[in-house]
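# Breakdown of the fold
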Amino acid sequence: MRKLIITLILGIAIAHNTTAQTRSDLRDSLSAAVQVLAFHPDSLELRMKKAAWNIELEQWRYAQEEYDFVLKCDERNIAALFYRAYVNERQGRYKFARLDYENLLRIVPGHFEAMLGLALLNQKDNRPTEALNQINMLVAQHPNNAVAYAARGGIELERKMYTPAEYDFSRAIELQPTNTDYRLNRANIRLLTNRKKEAREDLDAMVRLGIPRANLNEWYKKCR
């Protein structure tokens, strides 16, 4: 579930408009941003960019400080609220993450990413009823969104609700047939319910989609 959640929270680097870089490149970019900020300390755009590099380098506290500054100047900054919620969650500051998601939703009711983040946060923070209610609402509002079904399937899988979880991952696969994470999760559910032939069918489909068979050897062994 953890890998799935990380995937579902929208790809932080992509959402920040960063390209694939080595850690050395990221540190160089961060260093350059710090130098420019010394001359333009009030630039919210520069602080958002710096925070993006802090996140890439998993410097959660530094990223949080940048978002704190931005939100002190612009309390309705949607991007800063969303990413500060993510950073707070990574630091185990669930109460603060929840407040950021809730504030964002007050500004933009129905914001998909915030609703998803809040549902997954409540699942992680052992608030199962709230998590399920929120994820059900998300699916109802976005019935053609594969991510919404996969997120609900992940929550159901954690709770060992295998039948609804399989349905949701199947629906996600229908909407996004090339997503191998969804297929692997469904294969896992089918193994947990002792349906090895169907699990193997999902693994075979992943191989046809380009996943090297060798990468799935341990899963194929479970299907014997």
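Residues numbered from 1 in each chain as written. Predicted model: local features only at pLDDT ≥ 70, side-chain atom pairs only at ≥ 80, totals over all residues. Heavy atoms only, no water.

What follows deals with the overall build of the protein chain. A count of helical and extended segments in the protein chain gives 14 helices and zero strands. Ordered by position from N to C terminus, the α and β elements of the protein chain give α-α-α-α-α-α-α-α-α-α-α-α-α-α. By element, 51% of the accessible surface of the protein chain is carried by carbon and sulfur atoms, the whole surface being about 11800 Å². (Helix = DSSP H or I, 4+ residues; strand = E, 2+ residues; numbered from the N terminus. Areas by Shrake-Rupley, 256 points an atom, 1.4 Å probe, with all protein chains shown as cover.)

Before going further, it helps to spend a moment on the UniProt feature "repeat: TPR" (unreviewed entry) in the protein chain. Under the UniProt annotation, the feature "repeat: TPR" (unreviewed entry) is placed at residues 146-179. Each end of residues 146-179 is marked by a C-alpha atom, and these two atoms are 10 Å apart; helix forms 79% of the span and strand 0%. (UniProt positions renumbered as here; feature names shortened; annotations may be inferred.)

On to helix H6 (residues 78-90), then. An ideal rise of 1.5 Å per residue puts 18 Å on 13 residues; H6 measures up with 19 Å between its terminal C-alpha atoms. The buried fraction of H6 amounts to ten of the 13 residues, a majority that puts the element mostly inside the structure. Buried within H6 we find Ala80, Leu81, Phe82, Tyr83, Arg84, Ala85, Tyr86, Val87, Asn88 and Glu89. The N-terminus of H6 is capped by Asn77, whose side-chain oxygen sits 3.3 Å from the backbone nitrogen of Ala79. In the segment just after H6, Gly92 is the residue with positive phi, at about 75°. (Expected span 1.5 Å × (residues − 1). Buried < 20%, exposed > 50% of the residue type's maximum accessible area, 1.4 Å probe, protein only. Polar contact = N/O pair within 3.5 Å; in protein donor to acceptor, adjacent residues only side chain to side chain.)

Right, let's get into the pattern of salt bridges. A pair can form between side chains of opposite charge whenever their charged atoms are brought close. Enumeration over the complete set of coordinates arrives at 20 salt bridges. Two residues, Arg127 and Asp125, come together in a salt bridge whose shortest N-O distance is 3.9 Å. Taking the relative accessible area as the measure of exposure, Asp125 reaches 26% and is therefore partly exposed. Look at the salt bridges and you will find they share partners, linking Glu166, Arg183, Arg186, Arg190, Arg195, Glu198 and Asp202 into a network. (Salt bridge = Lys/Arg side-chain N within 4 Å of Asp/Glu carboxyl O.)

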